[in-house]
Amino acid sequence: MVRKRVLTVLMLLSVIVLPGCWDKRELTDLAIISAIGIDRTNEGNYVLHLQIINPGNVAGGLQGGGAGDRPPVSVYSIEGDNMTEALRKASMKVSRRLYFAHTNLVAISEKLAREEGLDFVLDNLDRDTEFRTTATVVIAHKTKAENIVKILTPIDKIPSNKVNKTLDFTEAQYGRVVKTNIQDVLKTLAIDTRAPVIPGYMMIGDDKKGISMENTQATDPKAILQADGLAVFNKSGHLKYWITDKESVGAVWLMNKVQHTFINADWDKTKDAVSLQVTHQTTKLVPEMRNGRPHIHVRVAVEGIIDAVKYPFKLSDPKELSAIEKALNKELEKEITNTVKMVKKNKIDFIGFGDTIYRKYPKQWEKMKDTWDKEYLPELPVDVKAETYIRRTGLRNNPIQHQLEDE
């Protein structure tokens, strides 16, 4: 009997200390922000563009555009002397409490990234307890951050999801882009062995027509969002230059972030005579100290499948496959070497050569770190060696042209 009474008292006490729903937030009272665009005026003011989800318009409706003719998101633009003031001013336009827990994209204008850098912007975002630093960050290239946030997309209802999915797919299949979140950038800025690199995003087409629902309902959208190159920053967080799509492949190889991509090689007088689809790869940067000077050995191991042939190879012949592997090695080494030259010329180590030296030779790095970019990096010897292995040739060995000639 006593045991039952004690149990009853404990149960009553536990009910008292339960928090319940004291901090509940109704969906109708929240403005769920999926993306933030940050621009800067010529006068130096900040302009925030808040992409707010319209829940009723996202649920149901057509795949490309929400319910009926209403947009799945609304975008409010607010100007202020700083980001905090702009967010405060948002209460004059938005009738609900701003909610950043679901924000998965931050677009920063190229002008702001060049002139002011990333420190102040990222510091504001990182201080917000509600904001997640796992949000993807992109640099608006050849356009305003406003357009990255405002353009409506025909396949994915919410534009910020379209940007994230495109970066994921491009990184996984094309190998020319490195997806980066705010946490990655903050970590890189906090160290002195590597500089940040952030993917670029641009708008192609008519920005005025891109913000209307007609853009989501047309078979040929008048405005589209597209991944475009990589933005390279110095260690203080200022944008210095862009790496184009053709140049970025070598950078992604060096950073060991290639998942799947392709390698083309010429043969005889035929350009791009063979194409290898990369299925597995490993890139290692091996540092070495010689007479007090650093050296870097780049070793790349690649496995792949031949997926395109424009020359009558005899792919059933092991000797011919071996010759093709050598041609692919040469092409890959050339692409990586060109990127190394670019890194040394611009004197910004976003690859992390200095990081490899710091990890293996920490004492020597302490002597080099202050003058690494200006003194050591431009003269850094880097030798590149690639080993390519053709695992399969697809559903056929010899090309159709060669087979018809044999018949």
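Residues numbered from 1 in each chain as written. Predicted model: local features only at pLDDT ≥ 70, side-chain atom pairs only at ≥ 80, totals over all residues. Heavy atoms only, no water.

Colleague: Quick rundown of unusual backbone geometry? Include the residues and the values.
Modeller: Positive phi outside glycine occurs at N256, with the angle close to 60°. Along the polypeptide, N256 turns up in the loop between helix 11 (245-254) and strand 10 (261-267). One non-glycine residue, K347, lies in positive phi territory at about 60°. Structurally, the position occupied by K347 is in the loop between helix 12 (318-346) and helix 13 (353-360). (Helix = DSSP H or I, 4+ residues; strand = E, 2+ residues; numbered from the N terminus.)

Colleague: Please provide a residue-by-residue account of the pattern of salt bridges, values included.
Modeller: Enumeration over the complete set of coordinates arrives at 19 salt bridges. Salt-bridge contacts for E130 lead to R97; the nearest nitrogen and oxygen are separated by 3.1 Å. A residue pair is termed long-range when its members are at least 10 positions apart, and E130 in the loop between helix 5 (119-127) and strand 6 (136-140) and R97 in strand 4 (residues 97-99) qualify at 33 residues. Given a relative accessible area of 16%, E130 falls into the buried group. Residue E146 pairs with K150 through a salt bridge whose shortest N-O separation is 2.7 Å. Taken together, the residues span about one helical turn, with E146 and K150 both in helix 6 (residues 145-150) at a distance of four residues. (Salt bridge = Lys/Arg side-chain N within 4 Å of Asp/Glu carboxyl O. Buried < 20%, exposed > 50% of the residue type's maximum accessible area, 1.4 Å probe, protein only.)

Colleague: Now, about the domain arrangement of the chain: what can you tell me, with residues and values included?
Modeller: We note that the domain assignment places domain 1 (26-242) and domain 2 (248-406) within the chain. For domain 1 and domain 2, the distance between their C-alpha centres works out to 33 Å. Buried area between domain 1 and domain 2, both sides added, is near 2,000 Å², and the carbon and sulfur share of it is 57%. Looking only at domain 1, the three residues that lose the most surface to domain 2 are R176, T193 and Y241, adding up to 32% of its buried area. Summed over the shared surface of domain 1 and domain 2, the number is three salt bridges. Run the count over domain 1 and domain 2 and you get seven residue pairs in polar contact (both at pLDDT 80 or more). Counting residues per element, the ones that place at least two in the side of domain 1 that touches domain 2 are helix 7 (159-173), strand 8 (223-233) and strand 9 (239-243). (Domains from an automatic or database assignment. Buried area = accessible area lost by both parts, 1.4 Å probe. Polar contact = N/O pair within 3.5 Å; in protein donor to acceptor, adjacent residues only side chain to side chain.)

Colleague: Would you mind going over a positive patch on the surface in detail, with residue names and values included?
Modeller: Together, K246, K271, K310, K330 and K334 give the surface a local cluster of positive charge. If you trace the backbone, K334 turns up in helix 12. (Patch = residues over 30% accessible without salt bridge, like charges linked within 9 Å, V, L, I, M, F, W, Y side chains within 5 Å. Areas by Shrake-Rupley, 256 points an atom, 1.4 Å probe, with all protein chains shown as cover. Lys, Arg positive; Asp, Glu negative; His and termini not counted. Charge placed at Lys NZ, Arg CZ, Asp CG, Glu CD.)

Colleague: Give me the nonpolar core: which residues, what numbers.
Modeller: Grouped together as the largest cluster of nonpolar side chains are 52 residues, with contacts concentrated most on W253, F350, I351, F353 and W372. Residue contributions to this core peak at nine residues, all from helix 12. Residues A90, L98, A113 and V137 belong to the second largest nonpolar core, which totals 35 residues. (Core = buried A, V, L, I, M, F, W, Y, C linked by side-chain atoms within 4.5 Å.)

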